Amino acid sequence: MTAFVPKMRYWLENYGCQMNKAEAQVLEIILNKSGIEPAPDSIHADLVIINTCSVRKTAEDRIWGRLGYYCHLKREKDFILAVIGCMSERLKEELFEKNPGIDLILGTFQKQHFIDLLQKVLAGEKPQIQVANQDYEFARLHSKDQFKAFVPIMHGCNNYCSYCIVPFVRGREISRNPEEIMEELRVLEARGTKEVTLLGQNVNSYNASKGEKNCNFPALLELITREISEIRWFRFLTSHPKDVNAQLIQCLVSNEKICRHIHLPVQHGSNRILSLMNRGYTREDYLALVRMIKNTVSDVTITTDILIGFPTEDEADFMLTKELMEEVEFDDAFTYYYNPREGTAAFGLGDTVCREEKIRRLREIIETNQRLKQKRKLDRLGRTTPVLVEAVSKKNKKELLGRTEHDEMVVFEGEEKLIGNFINLRLMELSGTTFRSVL
Ligand code: SAM
Ligand code: SF4
Ligand code: F3S
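First, a word on what this report is: a plain description of the structure on this page.

1. What to know about unusual backbone geometry
Point 1. Note the cis peptide between leucine 237 and threonine 238, where omega equals -10 degrees.
Point 2. Positionally, threonine 238 belongs in the loop between strand 13 (233–237) and helix 9 (246–254).
Point 3. Its identity is not glycine, yet glutamate 329 carries a phi of approximately 55 degrees, on the positive side.
Point 4. Exposure remark for glutamate 329: the relative accessible area of 23% places this residue in the partly exposed category.
Point 5. Phi is positive for aspartate 407, which is not a glycine, with a value near 65 degrees.
Point 6. Structurally, aspartate 407 is set in the loop between strand 18 (399–404) and strand 19 (409–413).
Point 7. Since its relative accessible area comes to 33%, aspartate 407 is described here as partly exposed.

Here is the structure:
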């Protein structure tokens, strides 16, 4: 039953990873079902929701800034300020203490209870808080006009990489029941969805029971691609290198519905640092895995995450990371410098690399990435490839943005009606690291 709330308009700001993005999309559907519509901007909203991320201090600082802004705005106009997501789980009451203007706080486990809590706030019970680890409920909602969808297949993480807050704010890993995943995919298929990204912090440790048998991630991929015929592309995020096996790599070879792109965060190139990070593999293991992938899957792209400035990292460790990047020739890398996170194992190691040095090392990593990324893309120029058209370019309204199977952007002139369709395009030029093409 849809809960009654007075006519309101909302503004939602989303931070963090794809999991947060997927949950924000679900919350928007829940709001719409209750008659709460999107506002054109935050100034015209009766309800402002901030979906937060705690992974780095830099992310949290930005959100503290937004909270300060909205609490200040509350002196001039009346609206409800809601904070949801990972910062709610990590900081709980501290958020209220520092920002008394907040009306409700909801953690990562209970977003489906948002309307209940909102009604309490509307009834004058203020402020409201609901965090703490309960059973996670996977939402099954998708909007009808989506041609791309995220489908979470797991929640939480058991890896406890020594620098990472995620297991503390998302709890222990749970794998979603395959029947429930298939049910959701069938609905998406019937609605004409073109691309689905299967989500989890570590999809390769997916393990659920299907009838009598255990279903691991490659088995889930096989089940999905066997039974879902109308969704053309499947992607998955994120793969932990310690759990990728030959069975998964074979899935990329034998099944053309699975995009030949793998995001494989290496984090570092030094065995000493990888061990302190508790990553569960060595540099040699990682390089052997990359060789196996490249030798088995033709025309595959590999992207990664790199984290420099971990406690005790010295110049030699750093150089090993740069050398590893050169050796793999990543198609792209998300690069970060270490932020100490209270409560994690690495917090006790201090923060030994000074900020200036972290910034210098990060800059070098970014330059290396840009150069390698461009080289990899130059190698692909001239190919004709299917592209899923995603949006109108923000820079030039006559141009459209599309994405290849390899997760590369292509810009070309075309009509808006192409959005949501596959077209074949020749990768003709490279502008920076974006491909350009013509219809
Ligand atoms: N589950 C994924 C994995 O194992 O690679 C990554 C999830 S995490 C949300 C995304 C990235 O944030 C990590 O790969 C790491 O590079 C970065 N990260 C995590 N903790 C960090 C910290 N304390 N400081 C800076 N970056 C961090
Ligand atoms: Fe964090 Fe490691 Fe889990 Fe990824 S695998 S979410 S980096 S603890
Ligand atoms: Fe951030 Fe939470 Fe994702 S901490 S990276 S939004 S799981």
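2. Brief notes about the packing of aromatic side chains
Point 1. For the structure shown, the criterion picks out 10 aromatic pairs.
Point 2. Here the aromatic rings of tyrosine 286 and phenylalanine 330 are separated by 6.3 Å at their centres, their planes lie at 50 degrees, and the arrangement is tilted. Taken together, the positions of tyrosine 286 in helix 11 (residues 283–296) and phenylalanine 330 in the loop between helix 12 (315–328) and strand 16 (332–337) put the pair 44 residues apart, joining distant regions of the chain. In terms of burial, tyrosine 286 and phenylalanine 330 fall into one category: buried.
Point 3. The ring of phenylalanine 422 has arginine 232 lying over it, and the distance from NZ or CZ to the ring centre is 4.3 Å.

3. Things to note about the side chain of histidine 240
Point 1. Positionally, histidine 240 belongs in the loop between strand 13 and helix 9.
Point 2. Classification of histidine 240 by relative accessible area gives buried; the value is 5%.
Point 3. Within the structure, histidine 240 has its side chain in polar contact with the side chain of arginine 279 (distance 3.5 Å).
Point 4. Not counting residues within four places of it along the chain, the set of residues in contact with histidine 240 comprises Asn159, Cys161, Asn202, Asn204, Arg279 and Tyr281.

4. Comments concerning the pairing of strand 18
Point 1. Where burial is concerned, most of strand 18 is hidden: 5 out of the 6 residues are buried.
Point 2. Where strand 17 (residues 384–392) meets strand 18, 5 bridges bridge the pair, whose relative direction is antiparallel. Bridged to valine 387 within strand 18 is threonine 404.
Point 3. The hairpin turn running from strand 17 into strand 18, its antiparallel successor, is 6 residues long.
Point 4. Of the pairings in the sheet, the one linking strand 18 to strand 19 comprises 5 bridges and is antiparallel in character. When the bridges of strand 19 are listed, leucine 400 appears paired with phenylalanine 412.
Point 5. Hairpin remark: strand 18 followed by strand 19, antiparallel, with 4 residues in the connecting loop; positive phi at aspartate 407, about 65 degrees.

5. A word on the sheet that holds strand 7 (residues 148–152)
Point 1. One open sheet accounts for 3 strands, arranged 7-10-13; its pairing is parallel. The two strands at the open ends of the sheet, each matched to only one other strand, are strand 7 and strand 13. In this sheet, adjacent strand axes meet at a mean angle of 20 degrees when their direction is disregarded.
Point 2. Of the strand pairs in this sheet, strand 10 (residues 195–199) and strand 13 are connected by 5 bridges, and their pairing is parallel. Opposite threonine 197, over in strand 13, you have arginine 235 as the bridge partner.

6. Concerning the pattern of salt bridges
Point 1. For the structure shown, the criterion picks out 36 salt bridges.
Point 2. Across the pair lysine 7 and glutamate 37 runs a salt bridge whose closest N-O atoms are separated by 3.8 Å. Placement of lysine 7 in the segment before strand 1 (8–14) and of glutamate 37 in strand 2 (residues 36–38) is noted, with a sequence separation of 30 residues between them.
Point 3. Overall, lysine 7 belongs to the exposed group, its relative accessible area being 70%.
Point 4. Of the charged contacts in the structure, one is a salt bridge between arginine 176 and glutamate 180, with a shortest N-O distance of 2.9 Å.
Point 5. Look at arginine 176 and you get buried, because its relative accessible area is 1%.
Point 6. One network of salt bridges, in which partners are shared, links Glu313, Glu315, Lys322, Glu357, Arg360, Arg361 and Glu364.

7. Looking at the site of ligand 2
Point 1. Lining the immediate surroundings of ligand 2 are Cys157, Asn159, Tyr160, Cys161, Tyr163, Cys164, Val166, Pro167, Gln201, His240 and Arg279.
Point 2. Across the shell around ligand 2, the residue classes tally to 7 nonpolar, 3 polar and 1 charged.

8. Overview of the packing of helix 8 (residues 217–227) against helix 9
Point 1. One way to put it is that helix 8 packs onto helix 9 with a least axis distance of 8 Å and a crossing angle of 25 degrees. Judged on the interaxial angle alone, helix 9 and helix 8 are roughly parallel. Seen from above, helix 8 lies across helix 9 with left-handed handedness. Every residue of helix 9 that contacts helix 8 at Phe217, Pro218, Ala219, Leu221 and Glu222 is listed here: Gln247, Leu248 and Cys251.

9. Side note on the packing of helix 9 against helix 11
Point 1. Contact geometry of helix 9 with helix 11 gives a least axis separation of 10 Å together with a crossing angle of 30 degrees. In terms of orientation, helix 9 lies roughly parallel with respect to helix 11. Two packed elements cross with a definite hand, and for helix 9 against helix 11 that hand is right-handed. Residues Ala246, Ile249, Gln250 and Val253 of helix 9 touch helix 11, and the partners they reach there are Leu289, Met292, Ile293 and Thr296.
Point 2. The residue inventory of the contact of helix 9 with helix 11, partitioned by class, reads 6 nonpolar, 2 polar and no charged.

Conventions adopted
Residues numbered from 1 in each chain as written. Chains lettered and ligands numbered in written order. Predicted model: local features only at pLDDT ≥ 70, side-chain atom pairs only at ≥ 80, totals over all residues. Heavy atoms only, no water. Helix = DSSP H or I, 4+ residues; strand = E, 2+ residues; numbered from the N terminus. Buried < 20%, exposed > 50% of the residue type's maximum accessible area, 1.4 Å probe, protein only. Phe/Tyr/Trp six-rings, centres within 6.5 Å; stacked < 30°, edge-to-face > 60°. Lys NZ or Arg CZ within 6 Å of the ring centre and 35° of its normal. Polar contact = N/O pair within 3.5 Å; in protein donor to acceptor, adjacent residues only side chain to side chain. Contact = heavy atoms within 4.5 Å. Pairing = 2+ DSSP bridges. Axes fitted to C-alpha atoms, helices over the stretch in contact; angles between N-to-C directions. Salt bridge = Lys/Arg side-chain N within 4 Å of Asp/Glu carboxyl O. Near = heavy atom within 4 Å. Nonpolar A, V, L, I, M, F, W, Y, C, P; charged D, E, K, R; others polar. Parallel < 35°, antiparallel > 145°, perpendicular 65-115°, else oblique. Left-handed = near helix turned anticlockwise from the far one by under 90°.

None of this, on its own, says anything about what the molecule does.
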